[in-house]
Amino acid sequence: MSKKNRRYGRSEREQNTRAQAGSEQPAEESIESGRAPVPERPTPKKFNAPLWAGIIVVIAVVAVLGFSMFSSKDHLTVDALEKPVVAALDGGSDVYPANSKFSFTENAKFGYLPAPTLSELGDGTIVAADPKSAPKAMELEDDLSSLDRDSFLDQDIKPPRKNTAPGEPITWDQMVDEMAGATVLMPLIESPQVADPVLKKIAEADIAESTIVRTSNAEVAKAASDAEVAVMFTGDPTATSQQSLSEVGYTMMAVDAADASKWTGTDLDIWATGVKDEKRLKELAEAGIFGALSTNPYSIQPSEVKSN
């Protein structure tokens, strides 16, 4: 390449560079001139973390207190029961499959207290089932001790009435988990071996004030009383005295309706058995009984829930 060409080449490159530099500058200026002026950013406000943390804590405390207040209103206790109270023995075994999940749900729904009979299976599971009548109702070849939790829950409970569905069994733990606080539970416990896990579950669920243990066993009565659970005597009232029952820990007693009025002057809350109808319950209530136990609660007290 000649010097002229090199000079021209160098001159062309310089011209191109200058042209590019000249063309870019006005473009930037024209873009800038077409833009609206950018306002200055305001100084960001400082975030007061401690203040907001305190507000959140206050809101949380108020929410917890509010929840507790409203929850306590829905938590039924023995002291809050309106007399005369009616309990459904074995869930109302003349109406529903005895000690079935459905029967206890219906008890609570219609204002009756579920009164299951508790037993122990072969694996130690505590269940709602009468050891005398449950094997027949479940059509078992052996007694309840031959079952474990899974095989027990796999059974059906024959209904007491024709053209009605069989019942589904339920364990004590399931019963407490599903119904705790919504009603007062009245389990029948005749064995200290059964009483220990039952009372443990009551303590875990914090429903001592919402439970009445029924028993004729003095050892069970004392254990329940020590756990601050109300205890009902279900034995022969003529074979003992009110004072001796109170010393063991009993606060209630179940007696035949024919003799109920004779016991209402004692320190024990009296529950009548064998009440025939609503009229008789009203008479006993006027005499001072606390409540009644029935296999058909509907026959002695109208339900609190009306169905169409």
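A short tour of the structure in this document, coming up. (Residues numbered from 1 in each chain as written. Predicted model: local features only at pLDDT ≥ 70, side-chain atom pairs only at ≥ 80, totals over all residues. Heavy atoms only, no water.)

### Describing the overall build of the chain
Logical step 1: Assigned secondary structure in the chain consists of 11 helices and nine strands.
Logical step 2: If you sum the accessible surface of the chain, you get close to 18600 Å²; carbon and sulfur atoms cover 51% of it. (Helix = DSSP H or I, 4+ residues; strand = E, 2+ residues; numbered from the N terminus. Areas by Shrake-Rupley, 256 points an atom, 1.4 Å probe, with all protein chains shown as cover.)

### Details of the pairing of strand S1 (residues 85-89)
Logical step 1: Within S1, four of the five residues are buried, which leaves the element mostly enclosed by the surrounding structure.
Logical step 2: Here four bridges tie S1 to strand S9 (residues 291-294), and the two strands are oriented parallel to one another. Bridge pairing in S9 links Val-86 to Ala-292.
Logical step 3: Judged from the three bridges that link them, S1 and strand S2 (residues 113-115) form a sheet pairing that is parallel. In the sheet register, Leu-89 faces S2, and the bridge partner there is Ala-115.
Logical step 4: Read as a crossover between parallel neighbours, the route from S1 over helix H3 (residues 101-109) to S2 is right-handed. (Buried < 20%, exposed > 50% of the residue type's maximum accessible area, 1.4 Å probe, protein only. Pairing = 2+ DSSP bridges. Right-handed = clockwise from strand over helix to strand, strands pointing away.)

### Looking at the pattern of salt bridges
Logical step 1: Under the definition given, this model contains five salt bridges.
Logical step 2: Across the pair Asp-177 and Lys-201 runs a salt bridge, and its minimum N-O distance is 2.9 Å. On the criterion of sequence distance, the pair formed by Asp-177 in helix H6 (residues 172-179) and Lys-201 in helix H7 (residues 192-205) is long-range, its members being 24 residues apart.
Logical step 3: With its nearest N and O atoms 3.0 Å apart, the salt bridge here joins Lys-222 to Asp-226. Placement of the pair is Lys-222 and Asp-226 together in helix H8 (residues 218-226), with a separation of four residues, close to one helical turn. (Salt bridge = Lys/Arg side-chain N within 4 Å of Asp/Glu carboxyl O.)

### A word on the sheet that holds S1
Logical step 1: Reading across from one edge, S2-S1-S9-S8-S7-S6-S5 is the order of the seven strands in this open sheet, with parallel pairing throughout. Since the sheet does not close on itself, it has two edges, and those belong to S2 and strand S5 (212-215), each with one partner. The mean inter-strand angle of the sheet, taken between neighbouring strand axes irrespective of direction, is 30 degrees.
Logical step 2: With four bridges connecting them, S5 and strand S6 (residues 230-233) associate as parallel partners. Across the sheet, residue Val-213 finds its bridge partner in S6, namely Val-231. (Axes fitted to C-alpha atoms, helices over the stretch in contact; angles between N-to-C directions.)

### A word on the side chain of Asp-90
Logical step 1: Here Asp-90 lies in the loop between S1 and H3.
Logical step 2: Buried charge without a salt bridge: Asp-90, with Arg-214 as the nearest opposite-charge side chain at an N-O distance of 5.2 Å. (Lys, Arg positive; Asp, Glu negative; His and termini not counted.)

### Considering the packing of H6 against H7
Logical step 1: Axis separation between H6 and H7 bottoms out at 10 Å; the angle between their running directions is 20 degrees. With respect to H7, the element H6 is oriented roughly parallel. In this structure, the crossing between H6 and H7 has a hand that is right-handed. Facing H6, whose interface residues are Trp-172, Asp-173, Val-176 and Asp-177, H7 presents Val-198, Lys-201, Ile-202 and Ala-205.
Logical step 2: Residues that form the contact of H6 with H7 fall into these classes: five nonpolar, no polar and three charged. (Parallel < 35°, antiparallel > 145°, perpendicular 65-115°, else oblique. Left-handed = near helix turned anticlockwise from the far one by under 90°. Contact = heavy atoms within 4.5 Å. Nonpolar A, V, L, I, M, F, W, Y, C, P; charged D, E, K, R; others polar.)

### Thoughts on the packing of aromatic side chains
Logical step 1: Applying the stated criterion across every chain yields a total of six aromatic pairs.
Logical step 2: Between Tyr-96 and Phe-102, the ring centres sit 5.6 Å apart and the planes meet at 85 degrees, which makes this aromatic pair edge-to-face.
Logical step 3: The exposure class assigned to Phe-102 is partly exposed, which follows from its relative accessible area of 45%.
Logical step 4: Measuring from centroid to centroid gives 5.8 Å for Phe-110 and Tyr-298, while their planes differ by 65 degrees, and the two rings are edge-to-face. Taken as a pair, Phe-110 in the loop between H3 and S2 and Tyr-298 in the segment after S9 lie far apart in primary sequence, 188 residues in all.
Logical step 5: By relative accessible area, Tyr-298 is classed as partly exposed at 29%. (Phe/Tyr/Trp six-rings, centres within 6.5 Å; stacked < 30°, edge-to-face > 60°.)

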